[in-house]
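# Fold and geometry: a report
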Amino acid sequence: MSKPLEGIKIIDFTHVQAGPACTQMLAWFGADVIKVERPGAGDVTRSQLRDIPGVDALYFTMLNSNKRSLTLDTKMAEGKEILTKLIKESDVLVENFGPGALDRMGFTWEHIRELNPGMIVASVKGFSDGHHYEDLKVYENVAQCAGGAASTTGFDDGPPTVSAAALGDSNTGMHLAIGILTALRSRDVTGRGQKVAVSMQDSVLNLCRVKLRDQQRLDRVGYLEEYPQYPHGSFSDVVPRGGNAGGGGQPGWVLKCKGWETDPNAYIYFTIQGHAWAPICRAIGKEEWIDDPAYMTAQARQDKIFDIFGTIEEWLKDKTKFEAVDVLRKFDIPCSPVLSMKELANDPSLRASGTIAEVDHKERGKYLTVGSPIKFSDLKVEIKGSPLLGEHTDEILESLGYSQNQIAALHEQRVV
Ligand code: CAO
């Protein structure tokens, strides 16, 4: 079966996580993604956090599957010539270098457009063009602090906290992928390429949308009723850290289950949906609360919400997180066990759906990765191993018209 992005050639000038996450996804969907890496070194993640000496680290293999690798020193004249040829026959160039690096290499947007008017140049930067921090280099946690995630994550009595989820990196890569597909669609109509830019700060802020909602509510009324600070604590003039509170209209919290004393993940997330109050009371054996005016409405429950959570924890005391969810699901209560990475890695449903995929790598052997979170009725995403450094250099140079002798000379001069 042909893949939807087959025929789209992408020069993948990305490194670390934000850019590679984007191009990996496009490769899964059929694009020919040529990862351009510095000869001898390659993407820094090949050697970061290695678990097997001398073998590409999981950090690299899990973000670069289904790609081809071309080594190329794009600061050398011959390297620039090869890149120029590639640009002329490609559809997209994706990069996430530090600010100005592509320009310093001699490949400004204007120049690339001259070489190939249909080219889409897609960039990730820490901050957007023209921003007063536009010159800054940025990594994941820097972006989480810049985009509002850190200031609103954690507990009220603790410092700003970053999330383990890659809100700055992979999330920005996903935004960029949407931008690239939009620009490809636009090119179908106009024939022209364009520049697509996504900043990590903007992408984090996009996911913190509800916190900007809360800032405006706080400005108007001075409190936020779904936060643990309400009604017994106090609010300042900025959105506080809400711990594990539900961010929407229904209160929720992480609750202890049997074994929490020794198992750091023996917890469930429990949500009190307004209209599910009666089933919740039945599930936890508190039928008397169903019609009690002190508990009947969300507003009545608000000032004793943590006492209610405490009562639910009493009920959870003799149940594992899985047993608890098995009871609560029968009452239609939105909840989940807090799942560890180990549990996720071995989850039969995630294995069956391909969300946890086992991949073969030439040197490493088998390893696990996260497969496509997007499922299609007409596309089966197949995850292949990541390329070795420069694995496809010769075949790509050949396809650009270089002879065997020329290729040997380029290796000799360390251009590739
Ligand atoms: N051949 C020759 N030179 C190459 C090359 C190649 N194939 N690939 C990269 N280079 C050069 C670049 O041209 C650049 O050179 P100059 O700075 O001399 O012009 C140099 O390598 C370093 O690039 P960099 O600034 O991207 O690298 P860094 O390690 O200093 O910074 C990072 C890394 C991630 C902080 C920075 O790239 C950045 O801010 N990127 C944008 C934001 C981003 O994507 N961050 C997320 C990373 S995931 O956590």
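Conventions we followed
Residues numbered from 1 in each chain as written. Predicted model: local features only at pLDDT ≥ 70, side-chain atom pairs only at ≥ 80, totals over all residues. Heavy atoms only, no water. Helix = DSSP H or I, 4+ residues; strand = E, 2+ residues; numbered from the N terminus. Contact = heavy atoms within 4.5 Å. Buried < 20%, exposed > 50% of the residue type's maximum accessible area, 1.4 Å probe, protein only. Pairing = 2+ DSSP bridges. Axes fitted to C-alpha atoms, helices over the stretch in contact; angles between N-to-C directions. Near = heavy atom within 4 Å. Areas by Shrake-Rupley, 256 points an atom, 1.4 Å probe, with all protein chains shown as cover. Nonpolar A, V, L, I, M, F, W, Y, C, P; charged D, E, K, R; others polar. Core = buried A, V, L, I, M, F, W, Y, C linked by side-chain atoms within 4.5 Å.

The subject of this paragraph is the environment of aspartate 303. For aspartate 303, the location among the structural elements is in the loop between α11 (298–301) and α12 (305–316). Along the sequence, aspartate 303 and aspartate 237 sit 66 residues apart, while their C-alpha atoms lie 22 Å from each other. In contact with aspartate 303, not counting residues within four places along its chain, are Pro231 and His232.

Cis geometry is found at the peptide bond from tyrosine 230 to proline 231, where omega equals 0°. Within the fold, proline 231 resides in the loop between α9 (209–221) and β7 (252–256). Notably, asparagine 66 is not glycine yet its phi reads approximately 65°, a positive angle. Examined against the element boundaries, asparagine 66 turns out to sit in the loop between α2 (58–61) and β3 (68–71). Its relative accessible area of 16% is what places asparagine 66 among the buried residues. Non-glycine residue aspartate 332 carries a positive phi angle of around 65°. Turning to its location among the elements, aspartate 332 is positioned in the loop between α13 (321–328) and β9 (335–337). For aspartate 332, a relative accessible area of 64% gives the class exposed.

To continue, consider the pairing of strand β8 (residues 267–271). Counting buried positions along β8 yields 4 of 5 residues, so the element is predominantly enclosed. Where β7 meets β8, 5 bridges bridge the pair, whose relative direction is antiparallel. Within β8, the position partnered with lysine 256 by the bridge is tyrosine 267. For β8 and β9, the ladder comprises 3 bridges, and the chain directions are antiparallel. Paired with isoleucine 268 across the two strands is proline 337, which belongs to β9.

Okay, the sheet that holds β8 next. Ordered in space as β7-β8-β9, the 3 strands form an open sheet in which the pairing is antiparallel. Where the open sheet ends on each side, the last strands, each with one partner, are β7 and β9. Between one strand and the next, the sheet's axes are offset by a mean angle of 20°, whatever the strand orientation. Strands β7 and β8 of the sheet are contacted by α12, whose axis makes an angle of about 35° with β7.

With that out of the way, let us pick up the site of the ligand. Taken together, 23 residues sit near the ligand, with Lys75, Gly98, Arg104, Lys137 and Val138 positioned nearest. Its free accessible area being 950 Å², the ligand has 83% of it covered by the protein chains. The class makeup of the residues in the shell around the ligand is 9 nonpolar, 6 polar and 8 charged.

Ranked by size, the top nonpolar core spans 38 residues in total, and within it Ile10, Leu26, Val92, Leu176 and Ile180 carry the most contacts. For this core, the elements supplying multiple residues, two or more each, are α1 (18–28), β4 (92–95), β5 (120–125), α7 (170–190), β6 (195–199), α8 (200–207) and β10 (356–361). With 6 residues, α1 is the single largest residue contributor to this core. In contact with leucine 176, other than residues within four places in its own chain, are Cys22, Val94, Ala122, Ser123, Val124, Val196 and Val198. In terms of nonpolar packing, the next biggest core, distinct from the first, is built from 29 residues, Ile11, Phe97, Ile396 and Tyr402 among them.

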